[in-house]
Structures are given as structure tokens and as C-alpha cells.
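Results of the structural survey
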Amino acid sequence: MSRFWSSVVHNLSPYVPGEQPKLNDIIKLNTNENPYGPSPRVLAAIAAATDRLHFYPDPRAASLREAIAARYDVAPEEVFVGNGTDEVLAHTFQALLKHDAPLLFPDITYSFYPVYCRLYGIRYEEVPLDAAMRVQIADFRRPCSAILLPNPNAPTGIALAREAIAALVAEHPDHLVVVDEAYVDFGAESAVPLVARHDNLLVVQTLSKSRALAGLRVGFAIGQRPLIEALERVKDSFNSYPLGCLALAGAVAAIKDDAWFQETRARIMANRDSLARGLAGLGFEVLPSAANFVFARHRSHGGAHLAARLRERGVLVRHFQKPRIEDFLRITVGTEDQCSRLIALLSSLV
Ligand SMILES: Cc1ncc(COP(=O)(O)O)c(C=O)c1O
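So, here is what we can say about the structure in this document. Position numbers for residues count from 1 along each chain, tracking the sequence in the order it is written. Predicted model: local features are reported for residues with pLDDT of at least 70 only, side-chain atom pairs are reported and counted for 80 or more only, and whole-chain, interface and lining totals are derived from all residues. Neither water nor hydrogens contribute to the side-chain values; these are computed over all heavy atoms in the structure.

Some words on the site of the ligand
Keep this limit in mind: We call a residue near a molecule or strand as soon as one heavy atom of that residue lies within 4 Å of the molecule or strand. Under the rule applied, a polar contact is a pair of N or O atoms within 3.5 Å (in protein, one hydrogen donor and one hydrogen acceptor; residues adjacent in sequence only if both atoms are side-chain atoms). Per-residue and other accessible areas follow the Shrake-Rupley method at a 1.4 Å probe size, with only the shown protein chains counted as cover for residues. Here a strand is any run of E in DSSP of at least two residues, a helix any run of H or I of at least four, and the numbering for each starts at the N terminus.
As a matter of local geometry, the ligand sits amid Gly84, Thr85, Asp86, Tyr110, Ala154, Asp180, Ala182, Tyr183, Thr206, Ser208, Lys209 and Arg217. At 3.0 Å, a backbone N or O of aspartate 86 approaches an oxygen atom of the ligand. Tyrosine 183 places a side-chain nitrogen or oxygen 2.7 Å from an oxygen atom of the ligand. Compared with its free state, where it exposes 390 Å², the ligand has 92% of that area covered by protein. Among the elements that line the shell around the ligand, the one with the most residues is helix 4 (residues 84-96), at 3 residues.

Some remarks on the sheet that holds strand 10 (residues 293-298)
Heads up, the condition is: Here, any two strands with at least 2 DSSP bridges between them count as paired. To obtain an axis, a line is fitted to C-alpha atoms, over the contacting stretch when the element is a helix, and the angle between two such axes runs from 0 to 180 degrees between their N-to-C directions.
Ordered by their spatial adjacency, 3 strands build an open sheet running 9-10-12, and the pairing between neighbours is antiparallel. Of all strands in the sheet, those bounded by a partner on one side alone are strand 9 (284-286) and strand 12 (328-332). For this sheet, the mean angle separating the axes of adjacent strands, direction not counted, is 35 degrees. Direction of pairing for strand 9 relative to strand 10: antiparallel, over a ladder of 3 bridges. Across the sheet, glutamate 285 pairs through a bridge with arginine 297, a residue of strand 10.

Considering the pattern of salt bridges
We apply this condition: Between Lys or Arg on one side and Asp or Glu on the other, a salt bridge is scored when a side-chain nitrogen of the former is within 4 Å of a carboxyl oxygen of the latter. Burial here depends on accessible area, computed with a 1.4 Å probe over protein chains only, as a share of the maximum for the residue type. Under 20% is buried, over 50% is exposed, and the range in between is partly exposed.
Applying the stated criterion across every chain yields a total of 19 salt bridges. Here aspartate 273 makes a salt bridge to arginine 272, at a shortest N to O gap of 3.3 Å. Taking relative accessible area as the criterion, aspartate 273 reaches 38% and is therefore assigned partly exposed. For arginine 272, a relative accessible area of 6% translates into the label buried. Put simply, glutamate 312 and arginine 309 hold a salt bridge, and the shortest N to O gap is 2.7 Å. Of the two residues, glutamate 312 and arginine 309 are both situated in helix 10 (residues 303-312); the distance of 3 residues between them amounts to about one turn of the helix. Connected through shared salt-bridge partners, Arg60, Lys235 and Asp236 make up one network.

Dropping the structure here:
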């Protein structure tokens, strides 16, 4: 604390990211990274881009927006890119979610959302998940300014069908619905095809998970032009160059290498399903996941206890000390070998 702090800083409760330890020899299943790494074409494209480092990057990120637009069958003007989804979300909060009525999001969800609300002074209300930890879109029928929803939800991993998102968007024609699809590529249905029909829908995705580029920091949003223009107005009032030339080159190559994307996400989904079966066999309740993590609780061992025992043995998983979910562990789906080592360890602990 310091007398130089503004009142805004005094009132912040910053987001606490998962641990990034420097230790070798750990099995890191705590931050939903992709264990297979990015496409070799990404590494080649980044190496080739190093001869442009003395120039500023393209502030419009035209090559990346065109690649994303071609991949998702939208116009480049319907695409916004930023330094990770976190930055895209931050601009979304400021540009589109700050109104008089409260913003709605689930009570169990990505814990960065309330942090942005406090940073930007946005009123919000949390809508409880049902007893099965599912989002019920009927529960969002209440006065609000906008709705924000991850799909699949995090940290539960449970996805809504595109039909349910379509119903939510149609039920709230005068409210913006933001769908955070950070994990959509691991088995959920994207809402991007709905964007053409709905001016109140913004879909946000990341290259951190299914394209294994968490370290490059690239995220994007797809929506109709006025929404994208709002995000650009905020971005150009904050930082014209959120993506450096290496990030732009790597991200374009990642979007274009569909074969790598398909192969690695299929492996992760297969590993997830066998991990879930292994956990169930050890007495865990495992929520049905469409993400690259599973959310599971043991019938007789608490989440904090298990996370601590695993940590002592060199395995990091995520535990949230939060009402309703303190018994759960969020376990990132690792390689085949990492998943079997985890199951072997857990079988000695439970
Ligand atoms: C639901 C959700 N949205 C957004 C993000 C941020 O992703 P990025 O790495 O693109 O900032 C995460 C990261 O874990 C997430 O879980």
C-alpha cells in the first residue's frame, strides 16, 4: 500500500493465475495448457518473422483477421484480435458491458469476470448454476444489461448446445450476449454460425488452448461490425499494437494448420475420456466435460487435501477455495503418459 495509490487500486482484488513453477520434472495439470505444443509451422513462421522486428507490427492485424475470417466463414471486419482472450474480454467489459443495469454471469465461472467488473466499475449479478452444476438459460430471465457465459463453462467443463445459446440470444434481443468459447474446440458447438443472424452476439475464442499458444497471447472475438468497432475504439485508445509481429505470424500459421489442430484436439479429447473413466473408477464424481480439463470430486477426500498431496508428489492441479466447489479438483488433460501417472498416483492416495 502507498499514499500514491488511486482509490481504484485500493479497491481491486486482482485475479490470481495458476502457478507457473520453474521446477522441472513436474506434471503440470493446473492451467489448462495444451501438452502437445503448437504446430511446427507456427515455429517456422515465428522464426521467419524475426527479420521484421525493427518495424512496428500492423496495428490492424489484417493478416490474422483475414485468416480467422476465412477459417470461421465471416468477414475480416467481423473479427477483433487481442493479446490473449483476457485482453479481448477486458476491452469487451469496457466497450460493451458497462451500463446501468447489472451484467449477468454464472456464480461458478471464470474468476476473471468479477475482477474486470471491479476494475471498470460494472455492476454484476451472479446467476447460480443448478444442482447439477449446469447453466440453465431460463435463470437468466431477469433484469440486466448484458449476459456473459463461457461455453463450455469453466471450471465445470459442461457445455450448452448451440440451440440453447441461440434461444438465449433470441430471448434477449436488446441485451448483448457474450459467449466465451475458450474451450469450445474440445467437443462443444460454437455459436459463431449464429453471429450473422444476431446483432447482440459476440463470441470470444483463444489460441491458448486448442492451438497450444498460451505463451504467445492471442485471442479474438467475432461479432457484427458495430460490436467490433466498439472494441477497436477501446483498443486504439489503449494500445494500438497489442500483438507483436511474432505473435501475428505464429497465430496466422496456427489458424491455417488445420491438420495439426484436428489431430491434437482429438488426442486431448480421447485422453480426457480415459482420464474421466480412470477417475470414476477411483471413486470420483466427474462432471461431463467438453473442455481440455475435467472437474471432479472424490466421495471421501476433500479437494484441498488431494491437491496438496499431489503437489508433494510433483503433480499440480487446480483447486478453488470457493463455496460449492471446494471439494472439486480441476485437472487439465495432459498427455497419455501424464494422465496414467496421475491415475496411478491418485490410486495410492484414495
Ligand atoms: C473461460 C476462459 N476464458 C478466457 C481465458 C483466457 O485465455 P487467454 O489465454 O486467451 O487469455 C481462460 C484461461 O484460462 C478461460 O478459462
